[in-house]
Amino acid sequence: MESENKRKGLSLWQVVVIGVAYMAPATVFDTFGIISRVTEGRVPLAYILALFAMLLTAFSYARFSKLTPKSGSAYTYTTETCGKTAGFFVGWCSLIDYLLIPLVNVLLASFYLHALMPDIAYTTWVVIMVGIITLINSFRINILANFSFIFIAATISMMLVFIFLVVTGMGHSQGYQSLATMTPLFNGNPEYLTLLTGVSLVCFSYLGFDAVSTLAHESRNPTKTIPRAIMLTTLLGGLIFITVSWFVQLSFPTLEQFKNPDEALPEIALFVGGVFFQSALLTVQIMNAFASGLASHASASRLLYIMGRDGVFNQKIFGYVNHRLGTPLYSIFFVGLISLLAITVDLATVVSLVSFGALIAFTMVNFSVFMKFFVIRKERAGLKNIFFNLLLPLASVLCLLGLWVHLEKSALEFGGVWLLAGVLLLLYKRIRKQPLSFGATT
């Protein structure tokens with residue numbers, strides 16, 4: 001059985017592809033107008049600073065994933081370090097972004113498909129997208145990895161075409177020496193308060209490394225594969241975001257050319273490559289949302305399965321794995337049902353809510369590193385242990401506190417309501433004497 005799992009499990013690069021697909025790298029075009037306005041024309045710098053903050057947290061995830069072959073991300077790491085109750089609340093709060101990100105991707109893909117083929121109703125596209133994504137996720141994870149690779153390859157290829165068009169266009173019109181500039185990074189603006197707001201917005205483009213940690217039980221040699229995949233996913237995602245945003249910012253130092261900066265993708269493509277390129281980039285954006293939808297749907301269903309397995313939710317439903325397909329079928333169907341809410345919800349509202357759960361998870365994983373290594377294991381001797389087990393987790397938490405300060409009010413309000421619902425659920429289980437049987441199986 002062990003040799004069969006090694007043969008069938010996900011390889012390092014398959015896990016990385018799923019993580020990068022989760023990030024939906026082409027969204028750098030969608031959000032450019034919003035981030036450029038907030039940062040006052042310093043989008044690449046926002047991505048660079050966000051990468052630094054996320055690498056600190058990704059390193060904490062990687063350290064934990066070396067210790068355990070279990071999936072579960074922040075939920076599992078916090079449970080094993082800080083106890084069942086803390087783990088429950090981290091898992092409960094993480095469900096916000098895990099369940100909403102698949103919905104966001106369905107919403108975006110359906111919106112673009114409806115724009116290309118307006119004769120087919122938006123609602124119809126939502127149902128079609130949810131059906132296809134749920135169906136693919138129902139089969140073995142290797143199939144998902146192969147689909148993700150195809151879509152990510154198409155997305156990156158179109159990004160390279162975009163960069164080529166920018167370079168040749170500016171080279172012919174302004175001379176190639178105009179490309180040798182640091183303007184996209186600083187834009188002559190010394191104000192850093194607005195820049196931090198932009199960093200808090202783009203940080204959650206890097207959520208793919210968190211999703212990677214939910215795939216441990218479906219990966220080959222997870223204690224080696226997952227830590228490497230976490231760091232590679234973060235670095236590759238950052239490289240894509242920074243590179244593409246650099247050339248977009250180089251082409252559009254201000255937002256004066258845009259009629260609708262908050263939905264800049266169609267206009268960016270039109271200005272850079274004309275109508276044909278606009279259609280091509282829009283098609284790739286649909287593939288980008290679809291690939292991210294596949295990956296995020298997989299991660300959400302795995303977290304539900306793990307929490308069902310541990311008794312947080314109904315074990316017969318959410319803790320069930322179809323032995324023939326090797327997938328948590330009922331959890332996959334449940335995520336599909338939640339994604340159907342894309343028919344009625346507003347994109348801006350949903351996106352603002354994702355950050356709350358992610359920040360809870362990131363903060364607690366960094367705190368758990370401190371608890372695990374510095375407090376429980378008492379690895380305190382020497383500068384190396386002090387740096388990795390105390391100073392680095394503390395620096396990560398401080399970076400995240402800066403993001404908490406800039407969290408939108410609506411996200412805090414909804415997060416508070418969701419947290420209260422978790423308290424009520426925990427009280428109900430305690431009254432009914434239904435203990436959380438964490439770590440029952442892997």
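All residue numbers here refer to positions counted from 1 along the written sequence of the relevant chain. In keeping with the predicted nature of the model, local features appear solely for residues at pLDDT of at least 70, side-chain atom pairs appear and are counted solely at 80 or more, and the whole-chain, interface and lining totals rest on all residues. To obtain the side-chain values, all non-hydrogen atoms of the structure were used and water was disregarded.

## Structural notes on the side chain of D97
- Examined against the element boundaries, D97 turns out to sit in helix α7 (residues 84-116).
- Burial status follows relative accessibility: with a 1.4 Å probe on protein chains alone, a residue under 20% of its type maximum counts as buried, one over 50% as exposed, and anything between as partly exposed. The charge count treats Lys and Arg as positive and Asp and Glu as negative. His and the chain ends do not count. Note on definitions: salt bridges are taken to be side-chain nitrogens of Lys or Arg within 4 Å of carboxyl oxygens of Asp or Glu. Although buried, D97 forms no salt bridge, and the nearest oppositely charged side chain, R302, lies 15 Å from it.
- Here a polar contact means two N or O atoms within 3.5 Å. Within protein one must be a hydrogen donor candidate and the other an acceptor candidate, and residues neighboring in sequence count only if both atoms are side-chain atoms. Within the local environment of D97, its side chain forms a polar contact with the backbone nitrogen of A358, the two atoms lying 3.1 Å apart.
- In what follows, a contact means two residues having at least one pair of non-hydrogen atoms within 4.5 Å. Setting aside chain neighbours within four positions, we find D97 in contact with Y22, P102, V354, G357 and A358. Only DSSP runs of H or I with at least four residues qualify as helices, and only runs of E with at least two residues qualify as strands; both kinds are numbered from the N terminus onward.

## Remarks on the confidence of the model for the chain
- A residue's pLDDT is simply how confident the predictor is in it, with values from 0 to 100. With 94% of its residues at a pLDDT of 70 or more, the chain has an overall mean of 84.
- Averaged pLDDT values for the elements of the chain fall to 45 in helix α1 (residues 2-8) and rise to 93 in helix α16 (residues 329-339).
- Overall, residues 438-442 carries pLDDT values under 50, and its contacts beyond four positions in sequence, including any with other chains, amount to 14 contacts.

## Focus on unusual backbone geometry
- A positive phi angle, near 60°, is found at E40, a position not held by glycine.
- By the element assignment, E40 lies in the loop between α4 (32-39) and α5 (43-67).
- At N221, a residue that is not glycine, the phi angle is positive and equals roughly 45°.
- The class of N221 is partly exposed, set by a relative accessible area of 40%.

## Focus on the packing of helix α9 (residues 141-174) against helix α13 (residues 222-251)
- All axes are obtained by fitting lines to C-alpha atoms, using only the stretch in contact for helices, and the reported angles, taken between N-to-C directions, cover 0 to 180 degrees. Two numbers describe how α9 lies on α13: the axes approach to 10 Å, and their chain directions differ by 30°. The hand of the α9/α13 crossing is left-handed. Touching I156, M159, F162, I163, V166, V167 and M170 of α9 are I240, T243, V244, F247, V248, L250 and S251, all from α13.
- For this classification, the nonpolar set comprises Ala, Val, Leu, Ile, Met, Phe, Trp, Tyr, Cys and Pro, the charged set comprises Asp, Glu, Lys and Arg, and every other residue, Gly included, is treated as polar. Looking at side-chain class alone, the contact of α9 with α13 contains twelve nonpolar, two polar and no charged residues. Each crossing is labelled by how the near helix is turned from the far one, with a counterclockwise turn of less than a right angle marking it left-handed and a clockwise turn marking it right-handed.

## A closer look at a nonpolar patch on the surface
- In this analysis, a patch consists of residues with relative accessible area above 30% that form no salt bridge, clustered at 9 Å for like charges and at 5 Å for the nonpolar side chains Val, Leu, Ile, Met, Phe, Trp and Tyr. Only the protein chains shown count as cover for residues, with accessible areas throughout obtained via the Shrake-Rupley method and a probe of 1.4 Å. A contiguous nonpolar surface patch, about 490 Å² in accessible area, is contributed by L420, V423, L424, L427 and I431.
- Checked against the element boundaries, I431 lands in helix α19 (residues 409-431).
- A relative accessible area of 67% means that I431 is categorised as exposed.

## With respect to the pattern of salt bridges
- All chains considered together, the criterion is met by one salt bridge.
- Among the ionic pairs, R377 bridges to E379, the shortest N-O distance being 3.4 Å.
- For R377, a relative accessible area of 41% corresponds to the partly exposed category.

## Quick look at the packing of aromatic side chains
- Put simply, two rings from Phe, Tyr or Trp (the six-membered ring, in Trp's case) pair if the centres are within 6.5 Å, and we call them stacked under 30 degrees between planes, edge-to-face over 60, tilted for the rest. Summed over the entire model, instances satisfying the criterion amount to 26 aromatic pairs.
- Look at F370 and F374: their rings are 5.6 Å apart centre to centre, the planes differ by 20°, and that puts the pair in the stacked class. Pair noted here: F370 and F374 are both in helix α17 (residues 347-376), with a separation of four residues, about one helical turn.
- The interplanar angle of 85° and the centroid separation of 5.1 Å between the aromatic rings of F387 and F388 together place this pair among those described as edge-to-face.

## With respect to the side chain of S296
- For S296, the location among the structural elements is in helix α14 (residues 265-309).
- You can call S296 buried: its relative accessible area is 0%.

## Considerations on α19
- Helix length check: α19 (23 residues) gives 33 Å between terminal C-alpha atoms against 33 Å at 1.5 Å per residue, within 8%.
- For α19, the full list of buried residues reads A411, G415, G422, L426 and K429. To estimate the expected span of a helix, count its residues, drop one, and scale the result by 1.5 Å.

## A closer look at the environment of L108
- Tracing the chain through its elements places L108 in helix α7.
- You can call L108 buried: its relative accessible area is 15%.
- Sequence separation of L108 and L207 is 99 residues, and the distance between their C-alpha atoms is 18 Å.

## As for the packing of α5 against helix α11 (residues 193-202)
- Remark: α5 packs on α11, axes separated minimally by 8 Å, with the N-to-C direction vectors making an angle of 65°. As α5 packs across α11, the resulting crossing turns out to be right-handed. Contact residues: L45, A46, Y47, L49 and A50 in α5; L195, G198, V199 and V202 in α11.
- Its residues placed into classes, the contact of α5 with α11 shows eight nonpolar, one polar and no charged.

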